[in-house]
Every structure is written in C-alpha cells, then in structure tokens.
Amino acid sequence: MDKILDKIWRFFSSVKLAVVLILVIIATAIIGTVIQQNLPDEMYLQHYGASTFRLLNFFDLFDMYHSWWFELLLILFIMNVIVCTWERLPAIFKMLSKPKLQIPVEKLNAFKEKETISYKGTKEALMTMLSSKFREIYKEPIHAKSEDGDFLYLEKGRIARFGPYITHLSLVIIFIGVLIGSFFGFDAYVNLDQGDATNIVKTIRGSKDLTLPFTIRCNNFKIEFYDSGVPKAYKSDLTLLNGGDAVAHKIIDVNQPLTYKGITIYQASYGQAGASSFDIMLSRSDNKNKDDVSLNLNQQFRVKDNTSIAVLDYSANYQGFGPTILVGIYKDNKLQRTSIYLQKYPDFHGAEAIGGYKLRFVKANESFYTGLQVAKDPGAPYVATGAIILIIGLIMSFFSYRRRLWVLIPDKFNGTFTIAGVADRNKYSFEMEFEKIIHEIKKGEK
Amino acid sequence: MDMMAHQTNTLLLSIATFVYVGAMFLYLFGLVFKKKFLDAGGFAIFILAFLIETAGLIARWIESYHLNYGHIPITNLYESLIFLSWTVAIMYIIVDLKYKARKLGFPVSLLAFMFMAYASFSPNVSSRIEPLVPALKSNWLTFHVVTSFFGYSAFALAFGASVFYLISDWYTTHTNGKVLSYLPSTKVLDDLSYKLIIVGEVLLAIGIITGAAWADYAWGRYWSWDPKETWSLITFLIYIVYIHLRYSWGWHGKSAAIFSIIGFMFVLFTYLGVNLVLSGLHSYGST
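Rules behind the numbers
Residues numbered from 1 in each chain as written. Chains lettered and ligands numbered in written order. Predicted model: local features only at pLDDT ≥ 70, side-chain atom pairs only at ≥ 80, totals over all residues. Heavy atoms only, no water. Helix = DSSP H or I, 4+ residues; strand = E, 2+ residues; numbered from the N terminus. Rg over C-alpha atoms; globule rule 2.2 N^0.38 Å. Buried < 20%, exposed > 50% of the residue type's maximum accessible area, 1.4 Å probe, protein only. Contact = heavy atoms within 4.5 Å. Phe/Tyr/Trp six-rings, centres within 6.5 Å; stacked < 30°, edge-to-face > 60°. Buried area = accessible area lost by both parts, 1.4 Å probe. Salt bridge = Lys/Arg side-chain N within 4 Å of Asp/Glu carboxyl O. Polar contact = N/O pair within 3.5 Å; in protein donor to acceptor, adjacent residues only side chain to side chain. Domains from an automatic or database assignment. Axes fitted to C-alpha atoms, helices over the stretch in contact; angles between N-to-C directions. Parallel < 35°, antiparallel > 145°, perpendicular 65-115°, else oblique. Left-handed = near helix turned anticlockwise from the far one by under 90°. Nonpolar A, V, L, I, M, F, W, Y, C, P; charged D, E, K, R; others polar. Patch = residues over 30% accessible without salt bridge, like charges linked within 9 Å, V, L, I, M, F, W, Y side chains within 5 Å. Areas by Shrake-Rupley, 256 points an atom, 1.4 Å probe, with all protein chains shown as cover.

**Student:** Would you mind showing me how to read the overall build of chain A here?
**Tutor:** Helices and strands together make up the secondary structure of chain A, namely ten helices and 18 strands. In summary, chain A has a C-alpha radius of gyration of 39 Å against a globular reference of 22 Å for 446 residues, an excess of more than 25%. Taking the principal axes of its C-alpha atoms as reference, chain A extends roughly 130 × 60 × 50 Å. The buried share among the 446 residues of chain A stands at 42%. Pairs at least 24 apart in sequence give 58% of the contacts found in chain A among residues at least 6 apart.

**Student:** For this particular structure, what's the right way to read the packing of aromatic side chains?
**Tutor:** Here a ring pair, both rings aromatic, is described through the centre-centre distance and the interplanar angle of the planes. All names here are of chain B. Scanning the model with the defined rule gives 46 aromatic pairs over all chains in all. Ring centres 5.4 Å apart and planes at 35° place the aromatic pair F149 and Y152 in the tilted group. Of this pair, F149 and Y152 both sit in helix 5 (residues 140–174), three residues apart, roughly one helical turn. The exposure class of Y152 is buried, given its relative accessible area of 8%. Aromatic side chains Y152 and Y271 sit 5.8 Å apart centroid to centroid with 55° between the ring planes, which places their arrangement in the tilted category. Separated by 119 residues along the polypeptide, Y152 in helix 5 and Y271 in helix 8 (residues 253–277) bring together distant segments of the chain. Here Y271 falls in the buried class, since its relative accessible area comes to 1%. One aromatic cluster is present, built from ring pairs that chain together F50, F83, W86, F149, Y152 and Y271.

**Student:** How should the side chain of S283(A) be read in this particular structure?
**Tutor:** Within the secondary structure, S283(A) sits in strand 10 (residues 263–284). For S283(A), a relative accessible area of 7% puts it in the buried group.

**Student:** Teacher, can you tell me more about the interface of chain A and chain B here?
**Tutor:** How big an interface is tends to be expressed through the accessible area that disappears when the partners come together. With 49 residues of chain A at the interface, the matching set in chain B holds 46 residues. Interface area, chain A with chain B, both sides summed: about 4,000 Å², of which 71% is carbon and sulfur. At the surface where chain A touches chain B, the tally comes to two salt bridges. Viewed at the interface, chain B and chain A are joined by 13 residue pairs in polar contact (both at pLDDT 80 or more). With eleven residues, helix 2 (residues 15–34) of chain A is the largest single contributor of residues to the side of chain A that touches chain B.

**Student:** Sorry if this is basic, but what is going on with the pattern of salt bridges here?
**Tutor:** Pairing between side chains becomes possible if they bear opposite charge and their charged atoms approach one another. Under the criterion given, the structure shown has 28 salt bridges over all chains. Of the charged contacts in the structure, one is a salt bridge between K363(A) and D279(A), with a shortest N-O distance of 3.3 Å. Within this pair, whereas K363(A) is found in strand 16 (residues 357–376), its partner D279(A) is found in strand 10, the two being separated by 84 residues in sequence. You can call K363(A) partly exposed: its relative accessible area is 38%. Residues E79(B) and R60(B) are paired through a salt bridge, measuring 2.9 Å at the closest nitrogen-oxygen approach. Remark: R60(B) occurs in helix 2 (residues 36–66) and E79(B) occurs in helix 3 (residues 77–99); sequence separation between them is 19 residues. Since its relative accessible area comes to 1%, R60(B) is described here as buried. Several salt bridges share partner residues, and in doing so they unite E155(A), R158(A), R161(A), R402(A) and D424(A) into one network.

**Student:** Where do I start with the domain arrangement of chain A in this structure?
**Tutor:** With domains assigned, chain A is organised as domain 1 (2–88), domain 2 (99–157 + 401–444), domain 3 (172–273 + 370–391) and domain 4 (276–365). With centres defined by C-alpha atoms, the gap from domain 1 of chain A to domain 2 of chain A works out at 50 Å.

**Student:** Hey, could you run me through the packing of helix 2 of chain A against helix 7 (residues 227–249) of chain B in this one?
**Tutor:** Helix-helix packing is characterised by the crossing angle of the two axes and by the distance between the axes. Interaxial distance between helix 2 of chain A and helix 7 of chain B falls to 10 Å at its minimum, and their mutual angle equals 160°. For the element pair helix 2 of chain A / helix 7 of chain B, the angle class is roughly antiparallel. For the pair helix 2 of chain A and helix 7 of chain B, the sense of crossing is left-handed. Of the residues in helix 7 of chain B, those touching helix 2 of chain A at V15(A), K16(A), V19(A), I22(A), L23(A), I25(A), I26(A), A29(A), I30(A) and T33(A) are P227(B), T230(B), W231(B), I234(B), L237(B), I238(B), I240(B), V241(B), H244(B), S248(B) and W249(B). Looking at side-chain class alone, the contact of helix 2 of chain A with helix 7 of chain B contains 16 nonpolar, four polar and one charged residues.

**Student:** Whenever I open this one, a nonpolar patch on the surface confuses me. Can you help?
**Tutor:** Residues M1(A), I4(A), L5(A) and I8(A) make up a contiguous nonpolar surface patch of about 430 Å² in total accessible area. Turning to its location among the elements, L5(A) is positioned in helix 1 (residues 2–12).

Now the structure itself:
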C-alpha cells in the first residue's frame, strides 16, 4: 500500500509530468477554439451531420472546457504543482538557511568561472583589500575557515529561488478561488422591459430558474446610437426592492455594474421589444390646425366626430421604403379601410384626408428591453489575489538569479588567491558579471 | 478641418511605412557588406520612421476628438497593427540601448513594415476612425492592450534573435567552425532571446490578468474560454514550457531557438489568426 502511495507521489512530483500535462492542456484547449462552444444542438447537427455530432458530443467537445476530462486534466496539473512544491521546498529552505561557506578545492577548481590572481602583499592586507572591495562593488562577504585556508563567501539573488514557489502557490490560490466560485457562485441573466420587475433569473449554464433575495425593477432603459447606427451607450435605471422597500438604486452602464449583497448586476445586452408608440401629426387640409399625437399599437384615436384611427401594424423597413405603419380608419368603431403611411415619404398618400385631416407618420418610438447579467462570485477575490501573487512570483523568478562566489586564500599564502563562482541559471549574465568582478579586483590590487 | 486631420494621420502613417522600408534596406546592406556606418544609418532612419509613426498616432488620437469619439487609437484592426509595429519599434530601441543588439534592426524593421503595410494597403483593413462600442469604454482597455502588445513585441524580438541564432549556428557548423562575425555571438543571441521571452511572459501575464479583470467589471465573468482568451493562455503556456525546459533541463542554444520561433507562431495566431480565422469577443479583427 505504502509502495503504491509512494509511486503515486513520485509520479506527481516530476517536472516532466508538468510539461506533458501543459502540452496536453494546450493541445486540447485548441479544440475548443476550433469547434464553437455551447451552441444549440441543432446548429451542430446541421454543420457536422448526425454521426460526427454523436462522436463529438460523446467527448463533450461542444462544452469541452467544462467536461469531466478537461477538468480532470486541470486537477492533475494542480496536484502536480502542489506535490512538486511540497517535495522541493524543504530542501530549498535548508540550502538557503545553511549556505556552503567553504567548499573543497577540487570543486572550486572545477567551476567554469574561475580566476587565480596574484597579489604582492601580506595575507592580512589582501583580506582587508578584498573585504572592502567586495563591499564596494558587490556585497559584504562572509568570512569562513577550512583546512585549505580562508574563504570569503558572497551570495546574491537568493530571492530568485523562492520565485517559482511563489508562482506555483499563486496557481493554487487561483484554483481555490475558481472552486469557491463554481460551488458558491452563479452566473445568470434576465431580460426586463421598461417598468417590469422580477426576482427570478435564469442561469447561463443549465438554464435553471434562480430566485434572488431581492427584486430588480427596470425603471427606464435608454439606448443611444452613433450616426452610423452603432450603439453608443445603453443604460438601465434599476431599483432593487426588498419586501417593497427600495434598497438600492443605480443607473448601470456596460462598464458600470451595480453590486448589492455580493450579487452584481451588469448591463450585458439589449434587444428590440418592438415599437411601443408612434408619433403622428394630424393637420387640417388648410394647415390651420395641427395636432401631434402619440399612439400605442391598436389604440384608437378620434379624429373628428365619429371618425377614428388606430395603428394596426408596424414594419421597420417595409419593402425597402423604411419605417411604415398600417393605419385603420374607423367609422362608428367599425373598420372601414386600411392604409399604409411611410415615414420617409410623407406625400405618398397625397391629398387623401381622413375626416378632413391629413395624416403624417412622424416616427416610431421603438422600445428595447434591457439584458442584464446577474452574477455572484465569492471566489473572485481569491482569483484576483492569486493573480497579483502570480505576477510577483514571475518577477522574482525571472528578473533575479542566485549566484555564489567563493574566494580562497590558502593558508600557506604564496602570493596567489582564487575567485570562483557559479550561477543557478543565466550562465551568460553571470559570465559577464564575473568578468567585471575580476576586472575590479585586479584594479584594486594595484 | 476634420477631413484634413484625418488625412494627416493616415498620410503620416503611410510615410512611416516607407521610411521603415528604407531602414530595412540599410540594415540589410549592413548585414551583406559588413559596414558599420550602414547599421548606424539604418538605426537613424529607423528612429525617423518611429518618430513619424508616433506623430501619426498622436494625430489620429487628436482626430478622434475632432470626430467627438475621443479614444486612444488602439481599437480596431488598422490601429492595432500600427500600434503593434510601434511597440515593436520601442522594444527594439530599448534593447539596442541596453544590449547593443543593433543587428536586430533588420528583422524588426521588416516586421514593423509588414504590420504597417498590412494595415495601410490591405483592402480588408479600414483606416477609418470608428466610435467605441459601449463594451470598450473602459480604463482597462488601455492597460490591457498596452501590456499585451508590449508582450507580443518582446516575443517578436526574441523571434528575431532566435532566427539570427539559427543562421549563425548553421553557418558555423557548415564552415567547420567559422564564426559569422557580423552577427552577435550565439551566446549573446541565446541570452537575449531568453531575456526577451521572460519580459514578454510577464507582460503577457499582466495583459491576460487585466483582460480578466476588465471582463469581470463588464460582465461579471473573469474567464469565459473565449477563443482570444484561450489562445493567449495557450501562448503563455507555450513559453512556460520553454522556461521549464530551460530551468529544469538546461535547454538552450539551438533547441531553445527553435522553440522560441514556434512560440512566436503562437503569438501571431493569438494576435491575428484568432480574429481572422475564429470568432469571438475581440472584434478588431473583423472588417
């Protein structure tokens, strides 16, 4: 049993596994960008045909980022990160807390970066010179003795050794945040007409009804367009009600949501609910009497005596002629005839008058519903914290590197001493640095 | 007035495109004839192109205010291509000042020219200044785009250094150990490519995170596996693999250079391919 556990542990502690897992995650993640995700089944059927559809569906490829196998890959990856970190961290702490102040001469001689320098002076003078020179150009050396002689030890960039662990820890924090969000959060939407209120929203994944602890009322929804017809801004004036009392109010905009009790309401979209009312101008044939009226669909308006009109139908673009209404003309509440009016061509109906009035279709007041996204994600702060730690970890790992220098001054001082050093990585940068140090030391010797 | 200013920005940017070509040829002659003054000339012309491009971008920014749109010029394909060549240019100037990698001017001016030429001359790319749709009206826009694009630029330069590495390495192995004296040494190129990749990786990480934060403010979802998001994550992971191979297995030299070149293909796909081939939220790729 222990052997199996040991084997599993060792399996997860390998960096090779991490690389393989990342490559598999990359390869599979690409699939989900090629196959559009979360479309209705009919669209897939039409596009792929029945048998391909069944195959792709079997592997959850239409919602692959939430499939069991993709989630398993992510879980394996996180376990890998945790075990790798757990396995290496104690050794790193030991290494950093007990630096090797002196090392055997053979090891010292084996370093690639090594220089033996001669010095004309006493050993004491040399030690003083080196200490002050290193303090000036590099850092304070630590002095140690071994059977070979006196050692000066210098280490820089140890922070870099912690970087990877900070980075890996941040991934775990992000993962925890994602888990919290998926267990205790939700992501839903609701469409509201102006004046409507509801406390029921629909979840985006699974489309289940969800009851909110408050009611959202859309007091007003406004949409502005650029001249090109592209939307410029859309804003919903919302009031949140709890038991009839208004508990929050805000006009939300696309990047300006409203948060109440951990639940945030976002302006996500809008849609056309149809034309709600129509502005109509009635004018007497002699132009003496003008009347501007605004009519709802099917609302009768008395023009004169027993003659009345109503807008029966609306088309935003009737046969290429633009916004058009179908008007019914009534006598004694009985439909006599219908006629179309074009907004762009007011003279289309010429002199035809209704009860002595000319009718002109000024404009339709289109009404839109607001599309609200309602979401709660108690995991988000963890994800955000993890993300910041991730950046700190990356910077610690990348922009610093640990390197160590030893200076050996032999007990039987014969006028030469040796400087050698090694870097954990960035060998080339270290080579440059080492060259510079040697240059400085040689200068100080003169 | 509006019309004038509009012409000014596209005119300046077209001029900059041709000046980059000039710089590119001087750098190329510098490589072929091995004369230092050609490199210096190339660099001077490059700086000139960069300044004209900067003026063009500023003119465009001002112009957007004349049109009452008022936004930083990084919001459609045309602007983003210009901005990318601009960030590549800055990145190169910084690298040259710090590491004396002037020879990289050739691939850099070639890339800068290609991005700008695509923006200016492709019939699929409109140079019109367009108003911002509501979703883009956010302070996160600038931060997200600037960090991501500087990240892309760092990867582009790493790509250039890696190509030079392979050329230099190929020359040495095919001439029994002779060294291509007019390129930086392979050691320098390998180190430079690595350094640029880690810079790119941090910037890309910040770009992804600011994008996620923005999405969370706008829609309440920091991650939705949109193709652009997914590909930027994929690109990030590709370079994470590169870094682990380098740190844990000591990969460097030729294999690292090849990896860096492959990595840049992922960057290009994330930047352009996703918008041109796949569909999703980042609309600047549509025409």
